[in-house]
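Chain residues, written in single-letter form:
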Amino acid sequence: MTSKRRLAFLPVLALLVAACSGGGTAQSSPDAPASAPPAATARATAAPTPSPTPTPIVRWPLTGLVAQDGAKVKRRPLNVRLPNDPAARPQQGLAKADLVFELIVEGGITRYSAIFHSQDSAAVGPVRSYRMSDLHLTQLLRGALVASGATVEETDAVTTSMRAGNMISVDQVRAGAPYYRVGGRPAPNNLFANLEVAREAVNQAGGGSPVDVPALKFLASVEHDPTAGGFAGSVPARTVTIPFQRDPATFTWDEGSKGYRRSQAGVRTVDPDGGVAILARNVIVMHTNIWQTTIVQDIFGSLGLDYRMTGDGKASIFRDGRRQDGTWKRNGPLDQFTFFDQQGNEISLSPGQSWIHFAYPDWVVPHSP
């Protein structure tokens, strides 16, 4: 090739090399502005906003219902002793109780230990004297006893428990301020108690410090599978009869209200305070030993009864219009009752008011589906 041809070819070769360099990537113009740095290098990444800590749900230990004021669940329950002979009915304030124990006393009649914790009432009554069973129940709940008084033997037993720090008593003998008489009822069934004043008496007696009330086991909501919470294998039970020797009590399932309505001697149990018919979410029968003591309870020489409330025994739990038979257990005098099905699964109750009845070991508790 001649020199002139070589010189003419060089510019063409230079263009070809420039086009092929960089794997065909276009080259930026020297006059083009520089690219902006990535945002991650321009400023620090913002820290994520922490999620707010959810407020824990606090529930009343004896109903399983949500407590609007969580601090109040630490106050002492009040155990109010109410008679249940025909002359004492209707009892006022029962609808506001968290829990009602029905216990046989002398003569085959029953009395109530109505436990007020989540609600109080200015008028509860009639109020009568307590028994040894009230000692067991009040100290179980770390509670305070509201009653008209008791025998020397029962008073001494309660005083011993109080000195041990297990309970408080603001019965009428120890603290008269909460009690008053009402018209329209003959004595002794005209003694009533103001529970708001009773709480003040509890505080003055040294019972104002917070306590941990042993809780019953509940499902999370009234709306639940009827076989949940230890009720697998349960059977339909729309009515149940507690076979007390005098005036058996009957509970009838009310589907619309999700609870059992109570009646006795053919009369529905209605609280005169607002005309509220009793609605028990749970009806429990506990079979246990009940024996006669040497304590004389009245001028007729009637001897009082006492109960075995620790250990275990047969139990029948009625919930959601169904019956589950099993056992009750309680390890010691300061422990809560627990309930189990026949396979050993713990039973949960429906949130709301419960009625617990103590029955002799050989009693049969009938129901209808």
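Residues numbered from 1 in each chain as written. Predicted model: local features only at pLDDT ≥ 70, side-chain atom pairs only at ≥ 80, totals over all residues. Heavy atoms only, no water.

### Some points on the confidence of the model for the protein chain
Here is step 1: Here the protein chain averages 90 in pLDDT, while 87% of its residues score no lower than 70.
Here is step 2: Low pLDDT, under 50, characterises residues 1-42; the predicted model gives this stretch two contacts beyond four residues in sequence or across chains. (pLDDT = per-residue confidence, 0-100. Contact = heavy atoms within 4.5 Å.)

### Quick word on helix α5 (residues 195-204)
Two residues of an α-helix separated by three or four positions point the same way, owing to the 3.6 residues in each turn.
Here is step 1: Looking only at α5, the buried set comprises Leu195, Ala198, Arg199, Ala201 and Val202. Taken around the axis of α5, the buried residues stretch over an arc of 160 degrees, which confines them to a single face.
Here is step 2: On the buried face of α5, the contacting elements are β1 (78-83), β3 (110-116), β4 (144-146), β5 (168-169) and β7 (191-193).
Here is step 3: A side-chain oxygen of the first residue of α5 lies 2.9 Å from the backbone nitrogen of Glu196; this N-cap is Asn194. (Buried < 20%, exposed > 50% of the residue type's maximum accessible area, 1.4 Å probe, protein only. Helix = DSSP H or I, 4+ residues; strand = E, 2+ residues; numbered from the N terminus. Arc of directions from axis to C-beta. Polar contact = N/O pair within 3.5 Å; in protein donor to acceptor, adjacent residues only side chain to side chain.)

### Here we look at the side chain of Ser113
Here is step 1: Along the polypeptide, Ser113 turns up in strand β3.
Here is step 2: Sequence-distant contacts of Ser113, defined by excluding residues within four places in its chain, comprise Asn79, Val80, Arg81, Leu99, Val100, Phe101, Leu103, Asp134 and Leu137.

### Description of the pairing of strand β22 (residues 354-359)
Here is step 1: Among the six residues of β22, six are classified as buried, and the element is accordingly described as predominantly covered.
Here is step 2: With four bridges joining them, strand β2 (residues 99-104) and β22 adopt parallel strand pairing. Across the sheet, residue Glu102 finds its bridge partner in β22, namely His357.
Here is step 3: In terms of strand pairing, strand β16 (residues 282-287) meets β22 through six bridges, oriented parallel. Its bridge partner being in β22, Val285 is matched across the sheet by His357. (Pairing = 2+ DSSP bridges.)

### A look at the packing of helix α3 (residues 132-140) against helix α4 (residues 152-163)
Here is step 1: The geometry of α3 relative to α4 is characterised by a closest axis approach of 9 Å and an angle of 15 degrees between their N-to-C directions. The pairing of α3 with α4 is recorded here as roughly parallel in orientation. α4 is crossed by α3, and the crossing has right-handed handedness. Judged by residue contacts, Met132, Leu135 and Gln139 of α3 engage Glu154, Ala157, Val158 and Ser161 from α4.
Here is step 2: Partitioning the contact of α3 with α4 into residue classes produces four nonpolar, two polar and one charged. (Axes fitted to C-alpha atoms, helices over the stretch in contact; angles between N-to-C directions. Parallel < 35°, antiparallel > 145°, perpendicular 65-115°, else oblique. Left-handed = near helix turned anticlockwise from the far one by under 90°. Nonpolar A, V, L, I, M, F, W, Y, C, P; charged D, E, K, R; others polar.)

### Looking at unusual backbone geometry
Here is step 1: With an omega of -5 degrees, the peptide bond running from Arg89 to Pro90 counts as cis.
Here is step 2: With respect to the helices, strands and loops of the structure, Pro90 is situated in the loop between β1 and β2.
Here is step 3: With a phi angle near 60 degrees, Asp247 is a residue other than glycine that sits in the positive phi range.
Here is step 4: With respect to the helices, strands and loops of the structure, Asp247 is situated in the loop between β9 (239-242) and β10 (249-254).
Here is step 5: Given a relative accessible area of 24%, Asp247 falls into the partly exposed group.
Here is step 6: Here Ala265, not a glycine, exhibits a phi torsion of approximately 55 degrees, which is positive.
Here is step 7: Along the chain, the position of Ala265 falls in the loop between β11 (259-264) and β12 (267-268).

### Observations regarding the nonpolar core
Across soluble globular proteins, nonpolar side chains have a tendency to be buried as a group.
Here is step 1: Phe101, Phe251, Phe337, Phe339 and Phe358 are the most contacted members of the largest nonpolar core, which totals 69 residues.
Here is step 2: Ranked by residue count, the leading element in this core is β2, at five residues.
Here is step 3: Beyond its immediate chain neighbours, meaning those up to four positions away, Phe339 contacts Leu216, Ile284, Met286, Ala315, Ile317, Thr327, Trp328, Asn345, Glu346 and Ile347.
Here is step 4: Counting residues in each nonpolar core, the second largest holds eight residues, with Leu135, Leu145, Val158 and Met167 among its members. (Core = buried A, V, L, I, M, F, W, Y, C linked by side-chain atoms within 4.5 Å.)

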